[in-house]
Amino acid sequence: MRTVFWDNERQTMKMIDQRVLPWTFELLEYATHEAVAEAITDMVVRGAPAIGAAAAFGMVLAAQQSQATDAATLRNDLHTAGERLNLARPTAVNLAWAVKRLLRVADNPDLTDPTAIHAALLAEAQKLADEDVALNRRMAYHGAELISDGDTILHHCNTGALATVDWGTALGVIFAAHEQGKKIHVLVDETRPRLQGARLTAWELQQRGIPFDLIADNAAGHFMRTGQVNIVLVGSDRTAANGDVANKIGTYKLAVVAKENGVPFYPVVPTSTIDLDLAHGDLIPIEERSPDEVTAVFGTPIAPAGISARNPAFDVTPHRYVTGIVTEAGIVYPPFVKNLRQAVLKASNQ
Ligand code: MRU
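Please read all numbers here as calculations on a predicted model, not as lab measurements. (Residues numbered from 1 in each chain as written. Predicted model: local features only at pLDDT ≥ 70, side-chain atom pairs only at ≥ 80, totals over all residues. Heavy atoms only, no water.)

**A closer look at the site of the ligand**
Around the ligand, the surrounding shell holds 18 residues, and the nearest of these are Arg46, Ala48, Arg89, Asn247 and Lys248. Within the side chain of Gln196, an N or O atom sits 2.8 Å from an oxygen atom of the ligand. In this structure, an oxygen atom belonging to the ligand sits 3.0 Å away from a side-chain N or O atom of Asp237. Considered on its own, the ligand offers 420 Å² of accessible surface; in the complex 99% of this is hidden by protein. (Near = heavy atom within 4 Å. Polar contact = N/O pair within 3.5 Å; in protein donor to acceptor, adjacent residues only side chain to side chain. Areas by Shrake-Rupley, 256 points an atom, 1.4 Å probe, with all protein chains shown as cover.)

Here's what the structure looks like:
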């Protein structure tokens, strides 16, 4: 089942509620773009490509909600809805990328009435979702070339089917290597504070029968220094033109320790996540979430009441720590400024 999908009969969007996994498997239904924006902020849906697909279907819902009887008024409503959706989470560029893609369709002057715009938006959102699944597969097989029989892979956060429409990015590479019959082992960072590794990645690996050990985030350095890790694979929420990579908080620390210990570090990144408009990673907006996520674990306090805490949700890994970037157009190596641009171009012609 896809993480995010359109229900044709009910003309609504459905999503797996990732807040309650692995304890409960629940589908939630969405009929308004405002509710979709809230779901993205609350992390019902999370992971850059999944957020992008949710925003795309959110734009279809906005078209359905609009009372407009002419194309110009509908376009206005859609631009307002796009602004609302863009505010939901700032770091993952796939959100703004998807909204922009849907608005480009809506603004096509050949579409002269609201019914035609709505139909075109639904077709585009569906196409975006289908493309996500197909390109994840392609990307996974490129990435699997990096994995040898017997390898132990260190993985951070959740980058699997749940973080995308289906299949996954970094975890998708791991699934592909397993499918190819390679004997692999995964060290799964628990990923404080939201525990996407412990809850979601462990769940996905268990379902596929791939051997793994869950580790506390703080254990990663130990495993790398003692030669127990062959490669680090992570995802990305936004990769700048120079190859600086924003990803789940803790990624930077992993990359530095990986380099120190000669362990290759590869982000697995669909080209929709590459932001060529940003020259370097310091320009990437970093979301800061509620301190409650740090002072409590799923509602259970772990610190004295009334203290303050900081909770940046992402960090930036400078490109000098990045061995290569796996994309659907192949594996990109330095110099990233030139080669990432080429990969984006190649992917757009695929
Ligand atoms: O806060 P999250 O769970 O949305 O963060 C997700 C990540 O950091 C992933 O690594 C990233 O979105 C890429 S995975 C497809």
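Picking up where we left off.
**Focus on the sheet that holds strand S5 (residues 185-189)**
Taken together, five strands build an open sheet; the order of strands is S6-S5-S4-S7-S10 and the sheet is parallel. Two strands close off the open sheet at either side, each with one partner strand: strand S6 (212-215) and strand S10 (265-267). Averaged over all neighbouring strand pairs, the angle between strand axes comes to 25 degrees, with direction disregarded. With four bridges connecting them, strand S4 (residues 152-155) and S5 associate as parallel partners. Counterpart to Thr152 in the pairing with S5 is His185. (Pairing = 2+ DSSP bridges. Helix = DSSP H or I, 4+ residues; strand = E, 2+ residues; numbered from the N terminus. Axes fitted to C-alpha atoms, helices over the stretch in contact; angles between N-to-C directions.)

**Quick word on the domain arrangement of the protein chain**
Along its sequence, the protein chain is organised into domain 1 (4-136) and domain 2 (141-348). Centre-to-centre separation of domain 1 and domain 2, based on C-alpha positions: 25 Å. Carbon and sulfur atoms make up 57% of the area that domain 1 and domain 2 hide from each other, which totals about 2700 Å². Looking at the side of domain 1 facing domain 2, the largest losses of area belong to Arg46, Thr91 and Asn136, adding up to 23% of the total buried there. (Domains from an automatic or database assignment. Buried area = accessible area lost by both parts, 1.4 Å probe.)

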